[in-house]
Every structure is written in C-alpha cells, then in structure tokens.
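Below, each chain spelled out in residue letters.
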Amino acid sequence: MEEQVQVVSMPRIGDKAPEFKAQTTQGDINYPADYKGSWSILFSHPADFTPVCTTEFMTFATLEEKFNKANCKLVGLSVDGLYSHIAWLRRIKETMAFKGMKNVEVNFPLIEDIKMDVAKKYGMIQPNEATTKAVRAVFYVDPEGIIRAIIYYPLNVGRNFDELYRALIALQTTDAFNCAAPADWRPGDDVIVPPAASSKIAEKRMEGKEEGVECVDWFFCTKKLSADTIWKKVLK
Ligand code: BEZ
C-alpha cells in the first residue's frame, strides 16, 4: 500500500502570520490583529501539567515584564482545553518552585486549541515527533503581523530564554539601525554593515574612508553601536 503523506502547513519567515480567533485564559483574541503595533511571541507547549512546560511557563511569566518593555507581548498555546489551562496555572502559582521562582502568576493569554486548528495552521504539530501534542514552537511576529523568526524545540528540551530575548532585541536592532547581527551578538557588540551599494563605496570602505566603518574584507564590514543607543530606541 502507498504511504499516506500528511500535508501540514508551515508558515515561514517573511509570511503574514496566519489569522485566527481563539479563547484564552485572558478572554478572546483575534490574532495577529489584536497585536498590531507591537511585537508578539506566539509559542506552543506540548501539554499542561507536564514538568518541562511548567518550568517554561514559570520562566516566561517571570520575564513577561522584560519582554513587554521591549514592546513584545507573549501568547501561549497548547492543544489542552481552557479548564485544564486554568487549573494548571493555578497549580503553578500555588505549589510550584523552580530556580528561585515561587508563587508565579501567569498573566499572558494561554490559548485553548483542543481541535488543533491553530497548532496545525502554524505547523506546531510535527507528526514524527507527536501527533497529539504541539512541539515547542516560537513565532516572532512584528508590529505589522509578519513572521520574522521561528524557533522549534522538541518535546523533551526546554527553551533557552536568554536566546529568546536576545533574538527579539537583535530583530528590533537590525530593523532600527539597518544592520545585521553577527554570531552570538549582544547589545554593545559591533554590528555588520549592509553590503556596499557600489564598488566605489566598497573601495572607500576598504581604504578606511567611510566614517565609523571598519572592514576585515570587502564583504565583512562592521560599525560600533552602543548598548545605550539600542536600549533608548527599543525599550518603552
Ligand atoms: C514536559 O513538559 O515535561 C514534557 C511534555 C511532553 C513530553 C515530554 C515532556
């Protein structure tokens, strides 16, 4: 017999974030329309009342204000129902302790998606990993509703929150200052200058004649960008 190939939709970087309406622990949402004008991180977790997800929710909730200050709102999702979400979040607040975090209240919306409509739309169900649970997906959606970065983790590895925040600030910085962020970039590190528009400009750069720009080779030029300048632009 022929093997059945399951077609799953996988939104990609640069696509408009697929639209949906859903119920959440904070009321109804209309995504991404409700988030126009701010960044959002739409993320999925495999299941309520599971340990790795619990540590992630405690960490997301503890860092929520930090993300909000960078004009970014958090939106969670799993294929569990609303009452499960509410019971789990209450249990987290009442009983859980992890890495010094206790009494953690989750104030960002957590979407119920029992029919997996949203999870399937966003490619969060990855059948060779699990057919009944979402993987740990992270979608960065910009203020215009465009997907700008996507990160996936499997079921059994919790996300790195330094990286989630670093990637957000890198996206905002590269937008605001027309540059690119090299490997392991952090605010305060040099940024990459876009390719020269002409060979004349490239030559000028290589001769060290473009103010503030330093080149290691014709295709690799950097400039200083202070962390202060970035935070002034990025933080609310
Ligand atoms: C967890 O969050 O601990 C978990 C969830 C689903 C599969 C494996 C681990």
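The preceding data block contains the structure.
Here's what I pulled together on the structure shown here. None of the values given here were measured: they were computed from a predicted structure. (Residues numbered from 1 in each chain as written. Predicted model: local features only at pLDDT ≥ 70, side-chain atom pairs only at ≥ 80, totals over all residues. Heavy atoms only, no water.)

Things to note about the nonpolar core
Taken as a class, soluble globular proteins show a tendency for nonpolar side chains to be buried jointly.
Part 1 of the argument: Membership of the largest hydrophobic core comes to 40 residues, with the highest contact counts inside it found for Ile-41, Phe-57, Phe-67, Phe-108, Tyr-140 and Leu-164.
Part 2 of the argument: When contributions to this core are tallied by element, the ones reaching two or more residues are strand E3 (39-44), helix H1 (51-69), strand E4 (72-78), helix H2 (82-95), strand E8 (136-141), strand E9 (147-153), helix H4 (161-177) and helix H6 (227-234).
Part 3 of the argument: If you tally residues by element for this core, the top one is H4, at 9 residues.
Part 4 of the argument: Phe-57 has contacts with Phe-43, His-45, Trp-88, Leu-89, Ile-92, Val-106, Phe-108 and Leu-110, leaving out every residue within four places of it along the chain.
Part 5 of the argument: One finds Ala-17, Leu-77, Met-116 and Val-118 within the second-largest nonpolar core, a separate group that totals 22 residues. (Core = buried A, V, L, I, M, F, W, Y, C linked by side-chain atoms within 4.5 Å. Buried < 20%, exposed > 50% of the residue type's maximum accessible area, 1.4 Å probe, protein only. Helix = DSSP H or I, 4+ residues; strand = E, 2+ residues; numbered from the N terminus. Contact = heavy atoms within 4.5 Å.)

Re H1
Part 1 of the argument: Over its 19 residues, H1 runs 28 Å from end to end, which matches the ideal 27 Å to within 8%, given 1.5 Å per residue.
Part 2 of the argument: At Leu-63, H1 shows its maximal kink, close to 50°.
Part 3 of the argument: Within H1, the full set of buried residues consists of Cys-53, Thr-54, Glu-56, Phe-57, Met-58, Thr-59, Phe-60, Ala-61, Glu-64 and Phe-67.
Part 4 of the argument: Taken from the residues just after H1, Asn-71 is the one with a positive phi, measuring 55°. (Expected span 1.5 Å × (residues − 1). Bend = angle between axes of the 7 residues up to and from the residue.)

Notes on the pattern of salt bridges
Part 1 of the argument: The full count for this structure, using the stated rule, is 12 salt bridges.
Part 2 of the argument: A salt bridge links Glu-56 to Arg-136; the nearest nitrogen and oxygen atoms lie 2.9 Å apart. With Glu-56 in helix H1 and Arg-136 in strand E8, this pair connects stretches of sequence that are 80 residues apart. The exposure classification of Glu-56 matches that of Arg-136, with both residues buried.
Part 3 of the argument: Note that Arg-205 is salt-bridged to Glu-210, the shortest N-O span being 2.8 Å.
Part 4 of the argument: By relative accessible area, Glu-210 is classed as partly exposed at 23%.
Part 5 of the argument: One connected set of salt bridges, linked through shared partners, spans Glu-56, Arg-136 and Arg-159. (Salt bridge = Lys/Arg side-chain N within 4 Å of Asp/Glu carboxyl O.)

Quick notes on the site of the ligand
Part 1 of the argument: Residues in close proximity to the ligand include Pro-46, Thr-50, Pro-51, Val-52, Cys-53, Arg-136 and Leu-155, which together make up its full environment.
Part 2 of the argument: At 2.7 Å from an oxygen atom of the ligand is found a main-chain nitrogen or oxygen belonging to Val-52.
Part 3 of the argument: One of the side-chain N or O atoms of Arg-136 is found 3.1 Å from an oxygen atom in the ligand.
Part 4 of the argument: Summarising the interface, the protein chains cover 79% of the accessible area of the ligand, which totals 260 Å² for the free molecule.
Part 5 of the argument: Here the element with the most residues in the shell around the ligand is H1; it accounts for 3 residues.
Part 6 of the argument: Here the shell around the ligand is composed, by residue class, of 5 nonpolar, 1 polar and 1 charged. (Near = heavy atom within 4 Å. Polar contact = N/O pair within 3.5 Å; in protein donor to acceptor, adjacent residues only side chain to side chain. Areas by Shrake-Rupley, 256 points an atom, 1.4 Å probe, with all protein chains shown as cover. Nonpolar A, V, L, I, M, F, W, Y, C, P; charged D, E, K, R; others polar.)

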